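# Summary of structural features
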Amino acid sequence: AQTVTQSQPEMSVQEAETVTLSCTYDTSESDYYLFWYKQPPSRQMILVIRQEAYKQQNATENRFSVNFQKAAKSFSLKISDSQLGDAAMYFCAYRSRELNRDDKIIFGKGTRLHILP
Amino acid sequence: NAGVTQTPKFQVLKTGQSMTLQCAQDMNHEYMSWYRQDPGMGLRLIHYSVGAGITDQGEVPNGYNVSRSTTEDFPLRLLSAAPSQTSVYFCASSPLFLATNTGELFFGEGSRLTVL
């Protein structure tokens, strides 16, 4: 079974600085998605960024980028120029793209990010 | 632009009571799922469905029932609530992975359930 591990329960970063959130996963599959979701205090789950495993190029969305290391099964999220609105819980998630697999989207336990003014 | 709608948003129950959390989506998504979120535990999958008439268990299914009679609706039933079921519950949907899609889940706003 697939697992997703976020080893940093909480992190803090100064406003305008850069922070990296870590995520590792375990799978025997070769074709899958990886996601980072943001959950602000409003509780709403918001997709931050997505990576397809077959793409070697790291995904980027404005100030958010990932470092995807498929062989190491690592998927870290880098937030540049941190803003107060980035304060939230961040979840890493895994979804298989392979045929005939149980379609269970697996989440890590989350990293709470604090932004210091 | 309703997306995924969960009701109720808040509920307080007494131990042993039953209730149903409703989930409806208007995006014609085949895949629907229920998660619970507890402090320090992340989101844990309770049940999921890949289409009408098809349901399957996730990581923490005990104490919960689901059914999928239509594509749009996926209710979660607690037959005899226990304090351990105090949690925030999320319903989420997506197109099936076999389709041309981005794979992301679309979430409802969550339902906070307290069992006394």
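Our subject is the structure listed above.
Residues numbered from 1 in each chain as written. Chains lettered and ligands numbered in written order. Predicted model: local features only at pLDDT ≥ 70, side-chain atom pairs only at ≥ 80, totals over all residues. Heavy atoms only, no water.

## Some thoughts on the overall build of chain A
- Scanning chain A from terminus to terminus reveals zero helices and 12 strands.
- Reading the secondary structure of chain A in the N-to-C direction produces β-β-β-β-β-β-β-β-β-β-β-β.
- For 117 residues, the compact-globule formula gives about 13 Å, and the C-alpha radius of gyration of chain A, at 14 Å, lands near that figure.
- Each principal axis of the C-alpha atoms in chain A carries an extent, and together these give about 50 × 30 × 20 Å.
- A sequence separation of at least 24 residues applies to 56% of the contacts in chain A between residues at least 6 apart.
- A total of about 5,800 Å² of accessible surface is found on chain A, and carbon and sulfur atoms cover 44% of it.
- Taking the 14 positively charged and 13 negatively charged side chains of chain A as two groups, their mean positions are separated by 3 Å. (Helix = DSSP H or I, 4+ residues; strand = E, 2+ residues; numbered from the N terminus. Rg over C-alpha atoms; globule rule 2.2 N^0.38 Å. Contact = heavy atoms within 4.5 Å. Areas by Shrake-Rupley, 256 points an atom, 1.4 Å probe, with all protein chains shown as cover. Lys, Arg positive; Asp, Glu negative; His and termini not counted. Charge placed at Lys NZ, Arg CZ, Asp CG, Glu CD.)

## Let's talk about the environment of Glu72(B)
Residues and elements named next belong to chain B.
- Counting through the fold element by element, Glu72 comes out in the loop between strand 7 (64–66) and strand 8 (76–78).
- Between the C-alpha atoms of Glu72 and Val88, which are 16 residues apart in sequence, the distance is 22 Å.
- Excluding its chain neighbours within four sequence positions, the residues that come into contact with Glu72 are Cys23, Ala24, Gln25 and Met32.

## With respect to the pattern of salt bridges
- Here the structure, examined in full by the defined rule, presents eight salt bridges over all chains.
- When salt bridges that share partners are traced, they join Arg36(B), Asp38(B) and Arg44(B) into one network. (Salt bridge = Lys/Arg side-chain N within 4 Å of Asp/Glu carboxyl O.)

## Brief notes about the side chain of Gln51(A)
Residues and elements named next belong to chain A.
- Note that Gln51 resides in strand 6 (residues 46–52).
- Classification of Gln51 by relative accessible area gives buried; the value is 2%.
- A distance of 3.1 Å separates a polar side-chain atom of Gln51 from the backbone oxygen of Lys55.
- If sequence neighbours within four positions are ignored, Gln51 has contacts with Tyr32, Tyr33, Leu34, Gln57, Asn58, Ala59, Val66, Phe68 and Phe75. (Buried < 20%, exposed > 50% of the residue type's maximum accessible area, 1.4 Å probe, protein only. Polar contact = N/O pair within 3.5 Å; in protein donor to acceptor, adjacent residues only side chain to side chain.)

## Comments concerning the state of the cysteines
- What the rule picks out here adds up to two disulfides over all chains.
- Cys23(A) shares a disulfide with Cys92(A); S-S distance 2.0 Å. A torsion of -70 degrees about the S-S bond marks the disulfide between Cys23(A) and Cys92(A) as left-handed. Of the two residues, Cys23(A) is situated in the loop between strand 3 (19–21) and strand 4 (24–26) and Cys92(A) in strand 10 (residues 88–96); the sequence distance between them amounts to 69 residues.
- Here Cys92(A) falls in the buried class, since its relative accessible area comes to 0%.
- Across the disulfide, Cys23(B) is cross-linked to Cys91(B) (sulfur-sulfur distance 1.9 Å). In this structure the cystine formed by Cys23(B) and Cys91(B) twists about its S-S bond by roughly -75 degrees; its chirality is therefore left-handed. Linking Cys23(B) in strand 3 (residues 19–25) with Cys91(B) in strand 9 (residues 87–94), this pair joins segments that are 68 residues apart in sequence. Summarising the burial analysis for this pair, Cys23(B) and Cys91(B) share the class buried. (Disulfide = S-S within 2.5 Å.)

## What about the nonpolar core?
- Among the nonpolar cores identified, the biggest contains 26 residues, and Tyr25(A), Trp36(A), Phe75(A), Leu77(A), Tyr90(A) and Leu113(A) are the most heavily contacted of them.
- Elements with a contribution of two residues or more to this core: strand 2 (10–14), strand 3, strand 5 (32–39), strand 6, strand 8 (64–69), strand 9 (74–79), strand 10 and strand 12 (111–116) of chain A.
- Counting residues per element, this core draws most heavily on strand 10 of chain A, which supplies four residues.
- Listed in part, the 20 residues of the second largest apolar core include Phe35(A), Phe90(B), Ala92(B) and Leu96(B). (Core = buried A, V, L, I, M, F, W, Y, C linked by side-chain atoms within 4.5 Å.)

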